[in-house]
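Reading the structure
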Amino acid sequence: MKKEHLTLKSILYLIGGIIVLFLSLMAPSYLLEKFKPELFDALISANASATSVALFFITLVLVVITGLLILFINKNQERFPLKLVGIIGIVIVAAVPALGVITVDSSFDTIGLLYFIVLMVAVSFWAGFALVKGFIHKLQRSK
């Protein structure tokens, strides 16, 4: 394998990836506070900081669970029943934010906003993860 050199461009990809990862985890609290402040205040606590921190960690847990389910599906490509269990698990994890909020506000615009947030977090986290993983591969090839 040919040895590669780390460049400023690859380091900028790493920094950009880390920023995108962080922003994707902060997106739920920011978007809820921006578009549905009454829902944001009613969710976890009347304290905005506590709600933001809680949403950050809830988002992190859901992203980690989804990542583990994706690994499970990839490792069980040949076994359809196990693959189906992983897919059902991802569907359940994707429904958790809406199920948690339905008790507070079950209007269509709220549920739509939550699914928009879930989609935004999934896409941006995947993009940031790909940038960081690309840097790690380049770092391994430079040794």
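For the structure, check the block above.
A short tour of the structure in this document, coming up. Bear in mind that the values here come from a model prediction, so they are computed numbers and not experimental data.

Side chains of residues three or four places apart in an α-helix project in the same direction, reflecting 3.6 residues per turn. When the terminal C-alpha atoms of helix H1 (residues 8–35) are compared, their 38 Å separation across 28 residues agrees well with the 40 Å that a helix rising 1.5 Å per residue should span. A maximum bend of about 45° is found in H1 at Met-26, where proline Pro-28 lies one to four positions downstream. The complete set of buried residues in H1 reads Ser-10, Leu-14, Gly-17, Leu-21, Ser-24, Leu-25, Ala-27, Pro-28, Ser-29, Leu-31 and Leu-32. If you follow the buried residues of H1, they end up packed against helix H2 (37–43), helix H3 (48–75) and helix H5 (108–141).

Counting through the fold element by element, Thr-59 comes out in helix H3. Given the relative accessible area of 8%, Thr-59 is considered buried. From its side chain, Thr-59 meets the backbone oxygen of Leu-55 in a polar contact 2.7 Å long. Excluding anything up to four places from it in sequence, Thr-59 contacts Ser-24, Leu-25, Pro-28 and Val-121.

Next up on the list: the side chain of Ser-10. Note on placement: Ser-10 falls in helix H1. Overall, Ser-10 belongs to the buried group, its relative accessible area being 6%. Here Ser-10 is in contact with Phe-135 and Lys-138, once residues within four sequence places are set aside.

All right, on to the nonpolar core then. Grouped together as the largest cluster of nonpolar side chains are 19 residues, with contacts concentrated most on Leu-25, Leu-32, Val-63, Ile-117, Val-121 and Phe-125. Those elements that provide at least two residues to this core are H1, H2, H3 and H5. For this core, the element with the most residues is H5, which contributes seven residues. Beyond its immediate stretch of four places on either side in the chain, Ile-117 contacts Pro-28, Leu-31 and Leu-32.

Looking now at the pattern of salt bridges. Under the criterion given, the structure shown has two salt bridges. A salt bridge links Lys-36 to Glu-38; the nearest nitrogen and oxygen atoms lie 3.8 Å apart. Among the ionic pairs, Asp-109 bridges to Lys-36, the shortest N-O distance being 3.1 Å. Linking Asp-109 in helix H5 with Lys-36 in the loop between H1 and H2, this pair joins segments that are 73 residues apart in sequence. By relative accessible area, which is 10% here, Lys-36 ends up buried. Three or more residues are tied together by salt bridges with common partners; here these are Lys-36, Glu-38 and Asp-109.

What counts and how
Residues numbered from 1 in each chain as written. Predicted model: local features only at pLDDT ≥ 70, side-chain atom pairs only at ≥ 80, totals over all residues. Heavy atoms only, no water. Helix = DSSP H or I, 4+ residues; strand = E, 2+ residues; numbered from the N terminus. Expected span 1.5 Å × (residues − 1). Bend = angle between axes of the 7 residues up to and from the residue. Buried < 20%, exposed > 50% of the residue type's maximum accessible area, 1.4 Å probe, protein only. Contact = heavy atoms within 4.5 Å. Polar contact = N/O pair within 3.5 Å; in protein donor to acceptor, adjacent residues only side chain to side chain. Core = buried A, V, L, I, M, F, W, Y, C linked by side-chain atoms within 4.5 Å. Salt bridge = Lys/Arg side-chain N within 4 Å of Asp/Glu carboxyl O.

Shape descriptors only; they carry no functional weight alone.
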